[in-house]
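Chains, contacts and geometry: an overview
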Amino acid sequence: MTPSAALAHAAPAAAMPSVAALDDAARTLLGQLAEQTRRADEVLGAEDVAGLLALLDARDTMLAALAGIGAAIGRAGQPAAARDQLIAKTSELQRANVALMQRVQRECDRLAGAIAALDRPDSVAGAYASPLTTSHLNLRR
């Protein structure tokens, strides 16, 4: 199920979808979000910024759809066992998201350090670029 279809499925309407249908939509979206998290981690490792941004945008759409489904499930009521399973799966996804965001932050810090290093003068290159004078090198000794 696509995120937009899941959101439409969870939207309040005259005929409320069954709890089972909402549960299936939530499980599908959680599975897709987990897959997107794994793919984003791989894309980050490949240093594909455009791909990472596209994946993060897709994840935002899925998270919005999941919020709509969660609200619909809350209105419809759900058995405790099914709710506990969804909470466990959501917690697992949250841990994966935290790990991904920590890795993104480390990559941003690494890139910021590399950019800052570009602004510092290169002392070795500066030493080779300066002309040789007798004060630097005296061949007559």
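Okay, so let's go over this structure. Note that the structure is predicted; figures quoted are calculated from it, not measured. (Residues numbered from 1 in each chain as written. Predicted model: local features only at pLDDT ≥ 70, side-chain atom pairs only at ≥ 80, totals over all residues. Heavy atoms only, no water.)

Further remarks concern the packing of helix α2 (residues 19-45) against helix α4 (residues 80-119). Relative to each other, α2 and α4 sit at 20°, their axes nearing to 10 Å. Our classification of the angle between α2 and α4 gives roughly parallel. α4 is crossed by α2, and the crossing has left-handed handedness. Only A82, Q85, L86, K89, T90, L93, A96, N97, L100, R103, V104 and E107 of α4 make contact with α2, whose side of the interface consists of D23, A26, R27, L30, G31, L33, A34, T37, A40, D41, L44 and G45. Among the residues forming the contact of α2 with α4, the class breakdown is twelve nonpolar, six polar and six charged. (Axes fitted to C-alpha atoms, helices over the stretch in contact; angles between N-to-C directions. Helix = DSSP H or I, 4+ residues; strand = E, 2+ residues; numbered from the N terminus. Parallel < 35°, antiparallel > 145°, perpendicular 65-115°, else oblique. Left-handed = near helix turned anticlockwise from the far one by under 90°. Contact = heavy atoms within 4.5 Å. Nonpolar A, V, L, I, M, F, W, Y, C, P; charged D, E, K, R; others polar.)

Let us look at the layout of surface pockets. Taken as a whole, the largest pocket spans an internal volume of roughly 200 Å³. Together, L44, E47, D48, V49, L52, L53, V104, E107, C108, R110 and L111 line the largest pocket. Contributing elements (two or more residues each) for the lining of the largest pocket: α3 (49-76) and α4. When residues of the lining of the largest pocket are assigned to their parent elements, the largest contribution, five residues, is made by α4. Grouping the constituent residues of the lining of the largest pocket by class yields seven nonpolar, no polar and four charged. (1 Å grid on protein atoms, 1.4 Å probe; cavity = no way out; pocket = protein on both sides within 12 Å on 5 of 7 lines; lining within 4 Å. Points joined across faces, edges and corners; volume = space filled by probe spheres on them.)

For side chains bearing opposite charge, pairing can occur when the charged atoms are close. Applying the stated criterion to the full structure yields three salt bridges. Notably, a salt bridge pairs R38 with E35, separated by 3.1 Å at the nearest N-O pair. Taken together, the residues span about one helical turn, with R38 and E35 both in helix α2 at a distance of three residues. Its relative accessible area of 47% is what places R38 among the partly exposed residues. A residue is classified by how much of its surface remains accessible, and E35, at 37% relative accessible area, is partly exposed. Where R110 meets E107, a salt bridge forms, and the shortest distance between an N and an O atom there is 2.6 Å. Of this pair, R110 and E107 are both found in helix α4, three residues apart, which corresponds to roughly one turn of the helix. You can call E107 buried: its relative accessible area is 19%. (Salt bridge = Lys/Arg side-chain N within 4 Å of Asp/Glu carboxyl O. Buried < 20%, exposed > 50% of the residue type's maximum accessible area, 1.4 Å probe, protein only.)

Remember, this is a structural readout, not a statement about activity or role.
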